[in-house]
Amino acid sequence: MDQEIECASREDMRKLQSERLAKMVKNAYEHVPFYREKLDSMGIKPEDIQSIDDITKLPFTLKTDLRDHYPFGLFAVGKEDLARIHASSGTTGHPTVVGYTQHDLDVWAHCIARGLTSIGMTKADTVQIAYGYGLFTGGLGFHDGAGALGMTVIPASSGNTNRQIAMLQDYGTDLLCCTPSYAMYIGETMKEKGIDPKSLPLRATFCGAEPWTEEMRKEMEALLDVRAYDVYGLSEIAGPGVAMECYAQAGMHIAEDYFYPEVIDPDTGEPVEDGQYGELVFTCIGKEALPLIRYRTRDICKLERSKCACGRTTVRMMKPQGRTDDMLIIRGINVFPSQIESVLLSLGMEPNYQMIVDRKGNLDTLEVQIEMAEEMFSDTMKNLAAAEKRIAEALKSTLNIVAKVRLLEPKSLPRSEGKAKRVIDNRKL
Ligand code: DLL
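In this text the structure is predicted, and so the values were computed from the model without any measurement. (Residues numbered from 1 in each chain as written. Predicted model: local features only at pLDDT ≥ 70, side-chain atom pairs only at ≥ 80, totals over all residues. Heavy atoms only, no water.)

1. Here's the deal with the environment of Ser306
In step 1: Here Ser306 is to be found in the loop between β13 (303–304) and β14 (316–317).
In step 2: Ser306 gets classed as partly exposed once you look at its relative accessible area, which sits at 38%.
In step 3: Once the C-alpha coordinates of Ser306 and Arg316 are considered, the two residues, ten residues apart in sequence, prove to be 8.5 Å apart.
In step 4: At 2.7 Å, the side chain of Ser306 and the side chain of Glu304 are in polar contact. (Helix = DSSP H or I, 4+ residues; strand = E, 2+ residues; numbered from the N terminus. Buried < 20%, exposed > 50% of the residue type's maximum accessible area, 1.4 Å probe, protein only. Polar contact = N/O pair within 3.5 Å; in protein donor to acceptor, adjacent residues only side chain to side chain.)

2. A closer look at the site of the ligand
In step 1: Asp230, Val231, Ser235, Asp299 and Asn334 are the nearest of the 22 residues found near the ligand.
In step 2: Interatomic distance of 3.1 Å between a side-chain N/O atom of Arg323 and an oxygen atom of the ligand.
In step 3: Only α6 (137–149) and β7 (227–234) provide two or more residues apiece to the shell around the ligand.
In step 4: In terms of residue count, β7 provides more of the shell around the ligand than any other element does, five residues in total. (Near = heavy atom within 4 Å.)

3. Side note on the side chain of Thr126
In step 1: In this fold, Thr126 is placed in strand β3 (residues 126–129).
In step 2: Residue classification places Thr126 among the buried residues on the basis of a relative accessible area of 11%.

4. What about the nonpolar core?
In step 1: Counting residues in each nonpolar core, the largest one holds 71 residues, and the members touching the most others are Leu116, Phe142, Leu175 and Phe206.
In step 2: When residues of this core are assigned to their parent elements, the largest contribution, seven residues, is made by helix α5 (residues 102–118).
In step 3: With 27 residues, the next largest nonpolar core counts Met355, Leu384, Leu395 and Val423 among its residues. (Core = buried A, V, L, I, M, F, W, Y, C linked by side-chain atoms within 4.5 Å.)

Structural data, given as structure tokens:
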């Protein structure tokens, strides 16, 4: 535990945040032309930012700003100081690329290690990391965090459920880290195989990367005989570990010494009253490579400032209650309808489509229904099946999502007078 920080008085925390904000704004101004131009155009100099209260003078940063400066345009360091990059979905075309110096990786690992400690993990425990490894931040983020705590790490990555279960049985896993839907799937599969969860040493799960409910937590705790904890993060800010639940399970403690949170009204950009729902905004006050200022997460959330039963004084975020944009998370992968549309257009299809998202036995399913053009409609069944396969393969290779593709008769999707209804989400989240 990092008692000095995690149990700091509000006054001490604000002092630290103020110092870090002033330093990061100076870094951003001096090394990121985008921020220099933006602040200049608003008549703000880095010296104007002295206290954390000055943060509201600063402009917001949007996901589209990252896209417009793809891939490295918002980085404050050169290649020689970059230690790693990760990436997540962009709204169309390009992914969102994020970078870390070695210091940033250390900060990230430290935040996760603190969260692991807060649910009672120690270096004597073993963690099975079943988040995807690779450009997605889940696998490597937890990997480094658990390593910083000195835990025994099983870098399982996601998938291959039978092997995950064998590892849970044979390697003495104490903590399983994966998306909540995958944890449920592992639990269901164990049940089908007649494996009693009580026969495993598994004590806890750290689940996040997609929304999940309190009801699902209860089900997971019963199914796997564990305590199930929530973890939040987004690639642009760090990845997992921006906020993590402690053993009290009363909201996720934000690592606010590195990621300063605000909640704003998404329409006006003004702060909402404390305790009210709004859009969560983070400023990376302790990061070198990608010092994002007031990044709009699009997650709808509220903050809780009361002291937690665990004794920590850091502000907590309650479960996100949706998004202000149309991003979906399907099997842990972020998908924007606009990305689907780009793929369809690149294949010469008409952009008349609908996405049907459902959840069958704890796994998300996606069906993409696409209207055929008139000339395609007269094709043979064989040709149509081949076209469906080709589209499904393109979706898999460009967006990494598995979808069932169904071609429909021309003009069979409902037309709307306003915004087309692209998504039907039947999951109860
Ligand atoms: O999902 C990072 C992560 C990995 C978090 C592993 C937790 C565990 P992205 O792929 O950039 O990063 O997706 C970020 O996922 O803006 C939320 O909408 C959603 N999200 C993440 N955690 C939670 C959670 C990772 N605990 C986006 N509850 C965020 C609800 C979550 N939504």
